Amino acid sequence: MSRRWWLALLPVLALVCCVTGLAVGALAFSPLRERVLALLGLRPQILAAEMVPDDAILYASLSYNLQAQPGYETIRRAYLENPEVQRVLEEWKDQLRKEAEIDFDAEIAPWIGPEIGLALFPTSPEALEEGRLPLALLIASRDHKKADAFLQRLRRLAEKEGRRVEDRAHRGRSYQLWLSEGPQNPPLAMGRLGEFVVFTVTEEAFQRVADRAAGEGQPIATSPRFRKVIQALPAQSVMMVYLDYPALQKLSQEALPRLQPGAPDPESLLGPWASMAQALQGAGVAVELQAQGLRLQSIMVIDRAKVPQDLRASLDAPPISEALMGRIPENAFGFLQSARIGQSLRQSLEILRRNPEARRQLQDMEASLGLRLEEDLLAWMTGDLILAALPAPAGVPSEIPVGVSLWIGTDQPEAARAGLARLEDALALMGVQAEESMHGRQAVRIVTAPTGERILAYTVDPEAVQMVFPADAFEGYYKPARAITGNPRFREIREQLPRQISSLFFLDTLALWDQIERWIPGAERATFREKARPFLDPIQGIGIAGEATQGAEIQRGVLFIRIAPPGS
């Protein structure tokens, strides 16, 4: 290429570089960047948030851009291609055609876009008393003509049923107002505002969205509280929910006396915990599609400066003991584990005792039982609490299909024995007796009801106190050869939860579906297998955990549902 061509091309290249630089800068530092990333599935779909005023109490967003999610293929194979799911969807569409005279495939699917937003606006106690809850539903449109045609179709159907529909306008935007009789039936407003079809439960709510569409006021997307919650949630999600807790608390405090005269003030019911509620600044939830299933994260933003000093320790949850988890049999249907149960219960008792009436009742109970809760029971509870549901072992009466085992971690076994002996003395006053037997070299206490029925068995060893129901299941539940930590579904779920967790709930749903099917009588069992299991079988396990934190502003919980397509 000649020099003349290079000289002619240089200004063009310079111009292209400048335009590209400006475009990249705009994407990096403007809302357009968020829009592009959202459309690519790399940010939550919160474009409707630009249409919602910044004082909204609640905002939720649902994205249909599933293909960008890591777990789209899993959901597609497990449910979208599931013949039973497709059959139910077709039945729902047929019902919609027959009862509402609406053809989903022809009248809704062609225009509905990738996002749905839901918002709740502030209102007055008088409006709530009249049933006027200012809700707004915003549905993205990808074909405005077909969306407008659908709105006109709804109007004709409403008028056919005798409803009065009026044309209204606000800020140059036209909309329909469906009028209803009676104060308990608020009017419905609907119309298209830019890229969204908007339905609201009051005319005022529609006008507020129209104001935002016209550039009036600030959107919730710019609210510092909203952004703090959103930034703490995963960037890639199909659903997001935001709650302005102080605004919700204010509305409930104002509305409760009118809606339920004479009802006690919520703060009086919470007692010392009311200050904890006042420190809660916002909450959020995000749902992600992962390759192995569905994950839901929930967060709370807490202003620790507003939490009394003596309550701040309750926010700092220690991690659970993975070692004690090794006591749970591998075939457990599920279990709940909470860290340092004694410490948690002592904190709760301390707060309860600040209430004079509660303190008096606790003192009366301790006097009647001859027990001191803190000294005799809580003092030796130095470890975690685990409560597990297990298949009843062979030899247990058939009318008891599920057994229960409870572990309380302790490093003070002698104190535990002494405290439980005092508890036995208190129960003896009610006719409940306990006697000792041996399981190998391990002493086991068998507790019997006044009728002589063996209720449960318990033992104390250097690691924990274990209690078992029914008593005859003790041998099968004590120090199993194979622990839950070897259960493959548990391991898969544990990997999806935070590394440091303060509480854990696990449910082996695949084993539970099998057990439920065995419980169901013959004829109904076939119906359950044919109608319910195609929906249930892909769900093979559920885990819920609270993150262990120290001094953190964000409190986080995670729920994970293990989903496996048929044949995987």
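Rules behind the numbers
- Residues numbered from 1 in each chain as written.
- Predicted model: local features only at pLDDT ≥ 70, side-chain atom pairs only at ≥ 80, totals over all residues.
- Heavy atoms only, no water.
- Helix = DSSP H or I, 4+ residues; strand = E, 2+ residues; numbered from the N terminus.
- Buried < 20%, exposed > 50% of the residue type's maximum accessible area, 1.4 Å probe, protein only.
- Contact = heavy atoms within 4.5 Å.
- Areas by Shrake-Rupley, 256 points an atom, 1.4 Å probe, with all protein chains shown as cover.
- Pairing = 2+ DSSP bridges.
- Phe/Tyr/Trp six-rings, centres within 6.5 Å; stacked < 30°, edge-to-face > 60°.
- Axes fitted to C-alpha atoms, helices over the stretch in contact; angles between N-to-C directions.
- Parallel < 35°, antiparallel > 145°, perpendicular 65-115°, else oblique.
- Left-handed = near helix turned anticlockwise from the far one by under 90°.
- Nonpolar A, V, L, I, M, F, W, Y, C, P; charged D, E, K, R; others polar.
- Salt bridge = Lys/Arg side-chain N within 4 Å of Asp/Glu carboxyl O.
- Core = buried A, V, L, I, M, F, W, Y, C linked by side-chain atoms within 4.5 Å.
- pLDDT = per-residue confidence, 0-100.
- Expected span 1.5 Å × (residues − 1).

Quick look at the overall build of the chain now. Helix and strand counts for the chain stand at 21 helices and 20 strands. By the burial criterion, 43% of the 568 residues in the chain qualify as buried. Looking at the chain alone, contacts between residues at least 24 apart form 65% of all its contacts between residues at least 6 apart. Entry remark: accessible area of the chain is about 29100 Å², with carbon and sulfur atoms responsible for 58%.

Looking now at the pairing of strand S6 (residues 188–193). Alignment of strand S5 (residues 173–179) against S6, held across three bridges, turns out to be antiparallel. Along S6, the bridge assignment pairs glutamine 176 with methionine 190. Taking the residues between adjacent antiparallel strands as the criterion, S6 and strand S7 (residues 196–200) are bridged by two residues, where glycine 194 takes a positive phi near 65 degrees.

Along the chain, phenylalanine 469 connects to proline 470 via a cis peptide bond; the corresponding omega equals -5 degrees. Looking at the secondary structure, you find proline 470 in the loop between strand S17 (464–469) and helix H18 (474–477). You will see that glutamate 101, though not glycine, has its phi angle at about 60 degrees, which is positive. As for its placement among the helices and strands, glutamate 101 is situated in the loop between helix H4 (83–100) and helix H5 (104–108). Take glutamate 101: its relative accessible area is 34%, and that puts it in the partly exposed class. Phi at arginine 340 takes a positive value of approximately 45 degrees, unusual for a residue other than glycine. Structurally, arginine 340 can be placed in the loop between strand S11 (334–338) and helix H14 (341–352).

This part covers the packing of aromatic side chains. Going through the model one piece at a time under the given rule, you end up with nine aromatic pairs. With a centroid separation of 5.7 Å and 35 degrees between ring planes, the pair formed by tryptophan 111 and phenylalanine 150 is classed as tilted. Linking tryptophan 111 in the loop between H5 and strand S2 (112–120) with phenylalanine 150 in helix H7 (residues 144–160), this pair joins segments that are 39 residues apart in sequence. Phenylalanine 150 carries the same exposure label as tryptophan 111, and that label is buried. Taking 5.8 Å as the distance between ring centres and 50 degrees as the angle between the ring planes, the aromatic pair formed by phenylalanine 335 and phenylalanine 490 counts as tilted.

With that settled, the discussion passes to the packing of helix H20 (residues 509–519) against helix H21 (residues 522–536). Closest axis-to-axis distance for the H20/H21 pair is 10 Å, and the angle between their directions is 165 degrees. One finds that H20 runs roughly antiparallel with respect to H21. Of the two elements, H20 crosses H21, and the hand of that crossing is right-handed. On H21, the residues that touch Leu510, Trp513, Asp514, Ile516, Glu517 and Arg518 of H20 are Arg525, Phe528, Arg529, Arg533 and Leu536. Counted by class, the contact of H20 with H21 contains five nonpolar, no polar and six charged residues.

Counted under the stated rule, the structure contains 43 salt bridges. Its salt-bridge partner being arginine 87, residue glutamate 91 comes within 2.6 Å of it at the nearest N-O pair. Of this pair, glutamate 91 and arginine 87 both sit in helix H4, four residues apart, roughly one helical turn. A single network of salt bridges, built from pairs that share partners, joins Asp514, Glu517, Arg529, Arg533 and Asp537.

A few words on the nonpolar core. Core analysis: the largest hydrophobic core is formed by 35 residues, its most contacted members being Tyr59 and Leu138. Of all elements in the fold, only strand S3 (135–141), S5, S6, S7, helix H8 (203–213), helix H9 (224–232), strand S8 (239–243) and strand S10 (293–302) reach the threshold of two or more residues within this core. Ignoring anything within four residues of it in the chain, the contact list for leucine 138 reads Ala48, Met51, Val52, Glu115, Ile116, Gly117, Phe196, Val197, Val198 and Val209. Counting residues in hydrophobic clusters, the runner-up holds 31 residues, among them Ala339, Val444, Tyr478 and Ala545.

On to the packing of H4 against H21, then. The angle between the axes and the distance between the axes are what describe a pair of packed helices. Closest axis-to-axis distance for the H4/H21 pair is 9 Å, and the angle between their directions is 105 degrees. In this view, H4 runs roughly perpendicular relative to H21, as classed from their interaxial angle. Of the residues in H21, those in contact with Glu84, Val85, Arg87 and Val88 of H4 are Glu530, Lys531, Pro534 and Phe535.

Once that is clear, we can look at the environment of tryptophan 513. On the secondary structure map, tryptophan 513 appears in helix H20. With a relative accessible area of 12%, tryptophan 513 lands in the buried category. Separated by 19 residues in sequence, tryptophan 513 and alanine 532 have C-alpha atoms that sit 9.7 Å apart.

Tracing the chain through its elements places lysine 93 in helix H4. Setting aside its immediate chain neighbours within four residues, lysine 93 contacts Phe104 and Asp105.

Here we come to the pairing of strand S9 (residues 280–290). With ten of eleven residues buried, S9 is to be regarded as a mostly interior element. Sheet analysis places S8 next to S9, joined by five bridges and oriented antiparallel. Looking across to S9, one finds that methionine 239 is bridged to valine 287. Relative to S10, S9 runs antiparallel, the two being bridged by ten bridges. What sits directly across from valine 285, in S10, is serine 298.

Right, let's talk about the confidence of the model for the chain for a bit. Per-residue pLDDT for the chain has a mean of 85; in total, 87% of the residues score no lower than 70. Here residues 1–43 scores under 50 on pLDDT; set against residues more than four positions off or in separate chains, the count is 28 contacts.

This part takes up the environment of glutamate 322. By the secondary structure assignment, glutamate 322 is in helix H13 (residues 322–325). Spatially, the C-alpha atoms of glutamate 322 and aspartate 384 are 9.8 Å apart, while their sequence positions differ by 62 residues.

Before going further, it helps to spend a moment on H14. In this model, H14 (twelve residues) spans 16 Å end to end at C-alpha, consistent with the 16 Å of a helix rising 1.5 Å per residue. Turning to H14, its buried residues number three or more, namely Ile341, Gly342, Leu349 and Ile351. Of the surrounding secondary structure, the elements contacted by the buried residues of H14 are S11, helix H15 (356–369), helix H16 (373–377), strand S12 (385–391) and strand S13 (402–409).

Our focus in this paragraph is the environment of alanine 305. For alanine 305, the location among the structural elements is in the loop between S10 and H13. Exposure remark for alanine 305: the relative accessible area of 62% places this residue in the exposed category. Here the alpha-carbon distance between alanine 305 and alanine 279, two residues 26 residues apart in the chain, equals 7.9 Å.

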